[in-house]
Amino acid sequence: MTLIMGIVNVTPDSFSDGGRYADADAAVTHGLRLRADGADILDVGGESTRPGAERVEPRLEQDRVLPVVRALAEAGLVVSIDTMNASTAAAAVEAGARIVNDVSGGLADPELLAAVAATDADVVLGHWRGHSTDMYARAEYDDVVDEVIAELRTRIEAAASAGIAPSRIILDPGIGFGKKGAQNWAMLRGLDRLAGLGPRVLVGTSRKRFLAEALAEDPADADESRRDLATAVTSALAAQSGAWAVRVHDVAGTRDALIVARSWQEGSRWTSSTRSR
C-alpha cells in the first residue's frame, strides 16, 4: 500500500503555498487537517527549495520548524523533517521527527548523514545536482534514468559508510530537481527500475512546473486545482510503479486517486473503509 506524505511548509516563499502556514499555529492546524484527510506522514519544512530560492540559516530554519514538529509528534503523528542541514535534522529528531527528508541526499551538508546515523530515524536520499539557485544548469543527461540510479547508488553507499542501515534508507528520484520537463516524465516512466534497487521509493510531483507545462501552453494557465488533479494522477501511477509513498499538498485528492486505482486493480473489496493508516 502506497503511503501519503502531506506537505507542511513553514515558509514565506515556497513555490506553491509559501506564507499560508508560516505561523507555527497555522502550520500545526494544517498538519492536523492533512492527517484527517488521510496523510500517513507529515513532512515539515522551513526552507524553500523552489527554483531560485536563497538558502536559510539553520537557526532560522529551526525556529520555524521545531515547534511544529514537536506539536505534531506529541499529537501522535508520524513526522518527517524536510531539511538539508545536519543540525536541523538532529534537533528535529530530538523533537519527535522519525524521518529526515534531505532533497540533496547528504550532499549539501557533509555532516548530515553522520547526524542521522546517530539517531534511529530513517532518511530520504533525494537525487540532486545543486542548489535551487542554479539547479537547471546541471540538467544534462544521456539517459536520465540510468544516471539518476547510478548517482543515488553512490548516496546509498555514502549512507552505509556513515552507519545507516539499508532498512533505514528511502530514495527520492528528485522530480523537478535538476531535471527539465521531458526528463521528469522519463524518470517517472523508469520508477520501477529505481524501485528495483531495493530501498523504498518516495515520489514527489506535487504542483510542479512540468505538470503545468503538460496541461497548458502557458503554464500560468494551469492553476492550483488543475495541478492538484495532475498530481493525483501521477501519484496513482507512481503507486502502480512501486512507490512506497507520494509527497503531496492535496492529500484528500491523492487519497481518492489511490483508492480508485487500487479498486481498479483489486476489485470492490478495496474501499476507503479497508484502507489502513
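In what follows, the accompanying structure is described. If you're wondering where the values come from, they're calculated on a predicted model, not measured in any experiment.

Here is what the cut-offs are and how they apply
- Residues numbered from 1 in each chain as written.
- Predicted model: local features only at pLDDT ≥ 70, side-chain atom pairs only at ≥ 80, totals over all residues.
- Heavy atoms only, no water.
- Helix = DSSP H or I, 4+ residues; strand = E, 2+ residues; numbered from the N terminus.
- Contact = heavy atoms within 4.5 Å.
- Pairing = 2+ DSSP bridges.
- Axes fitted to C-alpha atoms, helices over the stretch in contact; angles between N-to-C directions.
- Patch = residues over 30% accessible without salt bridge, like charges linked within 9 Å, V, L, I, M, F, W, Y side chains within 5 Å.
- Areas by Shrake-Rupley, 256 points an atom, 1.4 Å probe, with all protein chains shown as cover.
- Salt bridge = Lys/Arg side-chain N within 4 Å of Asp/Glu carboxyl O.
- Buried < 20%, exposed > 50% of the residue type's maximum accessible area, 1.4 Å probe, protein only.
- 1 Å grid on protein atoms, 1.4 Å probe; cavity = no way out; pocket = protein on both sides within 12 Å on 5 of 7 lines; lining within 4 Å.
- Points joined across faces, edges and corners; volume = space filled by probe spheres on them.
- Nonpolar A, V, L, I, M, F, W, Y, C, P; charged D, E, K, R; others polar.
- Expected span 1.5 Å × (residues − 1).
- Phe/Tyr/Trp six-rings, centres within 6.5 Å; stacked < 30°, edge-to-face > 60°.
- Lys NZ or Arg CZ within 6 Å of the ring centre and 35° of its normal.
- Polar contact = N/O pair within 3.5 Å; in protein donor to acceptor, adjacent residues only side chain to side chain.

Notes on the environment of E213
Alright, step 1. Tracing the sequence through the fold places E213 in helix α8 (residues 209–215).
Alright, step 2. Sequence-wise, E213 and G190 are 23 residues apart; in three dimensions their C-alpha atoms are separated by 20 Å.
Alright, step 3. Apart from residues lying up to four places away in sequence, E213 is in contact with G181 and P219.

Quick notes on the sheet that holds strand β2 (residues 41–45)
Alright, step 1. Spatially, the 8 strands close up into a barrel ordered β1-β2-β3-β4-β5-β6-β7-β8, and their pairing is parallel. Each strand axis lies, on average, 25 degrees off the axis of its neighbour in the sheet, ignoring direction.
Alright, step 2. With 4 bridges joining them, β2 and strand β3 (residues 79–82) adopt parallel strand pairing. Of the residues in β3, the one forming a bridge with D43 is S80.

Re a nonpolar patch on the surface
Alright, step 1. Taken together, L229, V233 and L237 make up a surface patch of nonpolar side chains, about 300 Å² in accessible area.
Alright, step 2. Position of L229 among the secondary structure elements: in helix α9 (residues 224–240).
Alright, step 3. Overall, L229 belongs to the exposed group, its relative accessible area being 58%.

Points about empty space enclosed by the protein
Alright, step 1. Going through the model one piece at a time under the given rule, you end up with 2 cavities of 30 Å³ or more.
Alright, step 2. Computed from the structure, the second largest cavity encloses a volume of approximately 30 Å³.
Alright, step 3. Together, E47, T49, D82, T83 and M84 line the second largest cavity.
Alright, step 4. Residue composition of the lining of the second largest cavity, grouped by class: 1 nonpolar, 2 polar and 2 charged.

Description of helix α10 (residues 251–266)
Alright, step 1. Taking 1.5 Å of rise per residue, 16 residues should cover 22 Å, and α10 covers 22 Å from first to last C-alpha, within 8% of that figure.
Alright, step 2. In this structure, the buried residues of α10 make contact with β1 (3–9), α1 (24–37), α9 and β8 (245–248).
Alright, step 3. The first or second residue beyond α10 is G267, which carries a positive phi of 95 degrees.

Looking at the pairing of β8
Alright, step 1. Neither face of β8 is open: one carries A245 and R247, the other V246 and V248, and all of them are buried.
Alright, step 2. The sheet contact formed by β1 and β8 spans 4 bridges and is parallel. The residue bridging L3 from the neighbouring strand is A245, located in β8.
Alright, step 3. Summarising the sheet, strand β7 (residues 200–203) and β8 pair through 2 bridges and their orientation is parallel. Of the residues in β8, the one forming a bridge with V203 is V246.

Things to note about the packing of aromatic side chains
Alright, step 1. Considering all chains together, one arrives at 1 aromatic pair under this definition.
Alright, step 2. Ring centres of W185 and F210 lie 4.9 Å apart, and the angle between their planes is 70 degrees; on these two criteria the pair is classed as edge-to-face. Here W185, found in helix α6 (residues 181–189), pairs with F210, found in helix α8; they are 25 residues apart in sequence, far enough to count as distant.
Alright, step 3. Under the relative-accessibility criterion, W185 is labelled partly exposed at 30%.
Alright, step 4. Judged by relative accessible area, which is 4%, F210 ranks as buried.
Alright, step 5. When the ring centre of W244 is taken as origin, the NZ or CZ atom of R200, which lies over that ring, is 5.0 Å away.

Here we look at the side chain of E47
Alright, step 1. On the secondary structure map, E47 appears in the loop between β2 and α2 (58–74).
Alright, step 2. Within polar-contact distance, the side chain of E47 engages the backbone nitrogen of V56 at 3.3 Å.

Here's the deal with the side chain of T254
Alright, step 1. Following the sequence through the fold, T254 ends up in helix α10.
Alright, step 2. Using a relative accessible area of 1% as the deciding quantity, one classes T254 as buried.
Alright, step 3. Setting aside its immediate chain neighbours within four residues, T254 contacts I4, A232, S235, V246 and V248.

Some thoughts on the environment of A24
Alright, step 1. Following the sequence through the fold, A24 ends up in helix α1.
Alright, step 2. On the basis of relative accessible area, A24 is assigned to the partly exposed category, the value being 24%.
Alright, step 3. Taking C-alpha positions, A24 is 7.1 Å from V10, a pair spaced 14 residues apart along the chain.
Alright, step 4. Residues contacting A24, with those up to four places away along its chain left out, are P67 and V68.

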